[in-house]
Amino acid sequence: MDLREEIARLKEERDAVILAHNYQIGDLQDLADFVGDSLYLSRQARDSPRKTIVFAGVRFMAETAKILSPQKTVLLPDLEAGCSLADAITADQLRTWKAEHPGAVVVSYVNTSAEVKAETDYCCTSSNAVDIVRRIPADKEVLFLPDMFLGDYVRRMTGRKNMHLWTGDCFVHTRMRPETVRRMRALHPQAELIAHPECGCTTEVLDNVDRVLSTDGMIRFASETREPEVLVATEVGILHRIRKLNSTTAFTPLSAEAVCPFMKKNTLEKVRDSLRDMKFEIRLDAGVMDRARLSLQRMIA
Ligand code: 13P
Ligand code: SF4
């Protein structure tokens, strides 16, 4: 039997929904029931009537789905699909940081472990980080983690002075530096540049980048733009969907080397195996989930 047919049959048998992040390989995006950014997929995970969620993404995303739907079975097709950014801070490190800033409000990017979320007041994604920080009373100190580039961007957008940043980064996005932008600008002088806020080049955003957008923000922009050429500064997997949505604009990755090896762990075969053998199931401590849920519900609200 064809692999796609086998997956479709197993999906019905297991009463499953397949979610895929925008950075997944094209074949998985085409197969999935829903494709999108972290925020969109968290909502789909929460609202799906299906009993099983197969998360073609990375571990923190599957954990987020589990926290929001503890009664559902959440499967991650490859346990090695981690995230360098989520690994940049542990719950112990966060507790120490909080003790140094009593009364501060903790805002964590969704790329964090369940244990770190349990120590967090507000979770955010790249698409709502600025809005969430704007709503925190001006006299409150803010601890923002773990991504320093996203944090720096949020600090500039909100003009907030009392915001401390954890110095974590994503090893894929951090390599896209201002000098990468200068080199690509010289090669593509007419192109518009859109960038994910995790990129190292966003530190000079006002001079260098035309728009800073979450992955779904990029998809929306790409489907509407009439620009002849656009440079895309994020993980290259996003180009699959972007090019399907707009075949008249030329979309070029800012760096063809921006490939997340964790996202690329997932394959059609592993999704099939995951459904067939019900692996690898995400299991989390109930107390950690209860505390983490609060910060996630504020993000989704
Ligand atoms: P989005 O929240 O924009 O989907 O990004 C998630 C991510 O891991 C980016 O590297
Ligand atoms: Fe994590 Fe970076 Fe990969 Fe996104 S691209 S999942 S932040 S390592």
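Residues numbered from 1 in each chain as written. Chains lettered and ligands numbered in written order. Predicted model: local features only at pLDDT ≥ 70, side-chain atom pairs only at ≥ 80, totals over all residues. Heavy atoms only, no water.

Overview of the site of ligand 1
Taken together, the residues surrounding ligand 1 are His 21, Tyr 23, Asp 37, Ser 38, Tyr 109, Asn 111, Ser 126, His 173, His 196, Glu 198, Ser 214 and Thr 215. Interatomic distance of 3.2 Å between a side-chain N/O atom of Asn 111 and an oxygen atom of ligand 1. Between ligand 1 and the protein, one listed contact pairs an oxygen atom with a side-chain N or O atom of His 196 at 3.0 Å. Its residues assigned to classes, the shell around ligand 1 comprises two nonpolar, eight polar and two charged. (Near = heavy atom within 4 Å. Polar contact = N/O pair within 3.5 Å; in protein donor to acceptor, adjacent residues only side chain to side chain. Nonpolar A, V, L, I, M, F, W, Y, C, P; charged D, E, K, R; others polar.)

Observations concerning helix α14 (residues 286-300)
The terminal C-alpha atoms of α14, which comprises 15 residues, lie 20 Å apart, in line with the 21 Å expected from a rise of 1.5 Å per residue. In the structure, α14 departs most strongly from a straight axis at Arg 293, where the bend amounts to approximately 30 degrees. Of all the positions in α14, only Val 288, Met 289, Ala 292, Arg 293, Ser 295, Leu 296, Met 299 and Ile 300 are classed as buried. Those residues of α14 hidden inside the fold are in contact with α3 (38-47), α4 (59-68), α6 (114-118), β6 (122-124) and α7 (129-134). Between a side-chain oxygen at the N-terminus of α14 and the backbone nitrogen of Gly 287 the separation is 3.0 Å; the capping residue is Asp 285. (Helix = DSSP H or I, 4+ residues; strand = E, 2+ residues; numbered from the N terminus. Expected span 1.5 Å × (residues − 1). Bend = angle between axes of the 7 residues up to and from the residue. Buried < 20%, exposed > 50% of the residue type's maximum accessible area, 1.4 Å probe, protein only. Contact = heavy atoms within 4.5 Å.)

A word on the pattern of salt bridges
Under the definition given, this model contains 26 salt bridges. Here Asp 30 makes a salt bridge to Lys 244, at a shortest N to O gap of 2.7 Å. On the criterion of sequence distance, the pair formed by Asp 30 in helix α2 (residues 26-31) and Lys 244 in helix α12 (residues 238-245) is long-range, its members being 214 residues apart. For Asp 277, the salt bridge goes to Lys 279, with nearest N and O atoms at 3.7 Å. By relative accessible area, which is 37% here, Asp 277 ends up partly exposed. Note on Lys 279: relative accessible area 27%, which makes it partly exposed. Each of Glu 6, Arg 272, Asp 273, Arg 276, Asp 277 and Lys 279 takes part in one network of salt bridges that share partners. (Salt bridge = Lys/Arg side-chain N within 4 Å of Asp/Glu carboxyl O.)

Some thoughts on the pairing of strand β5 (residues 105-109)
With five of its five residues buried, β5 lies for the most part within the structure. With four bridges joining them, β5 and strand β7 (residues 142-145) adopt parallel strand pairing. Each residue of the ladder has a partner; that of Ser 108, found in β7, is Leu 145. Pairing geometry for β5 and β6, over three bridges, is parallel. Bridge assignment links Tyr 109 to a residue of β6, and that residue is Cys 124. (Pairing = 2+ DSSP bridges.)

Re the pairing of β7
Burial of β7 is two-sided: the residues Val 142 and Phe 144 facing one way and the residues Leu 143 and Leu 145 facing the other way are all buried. The pairing of β7 with strand β8 (residues 163-165) spans three bridges and is classified as parallel. Across the sheet, the residue bridging to Val 142 is Met 163, located in β8. Crossover connection from β7 via helix α8 (residues 148-158) to parallel β8: handedness right-handed. (Right-handed = clockwise from strand over helix to strand, strands pointing away.)

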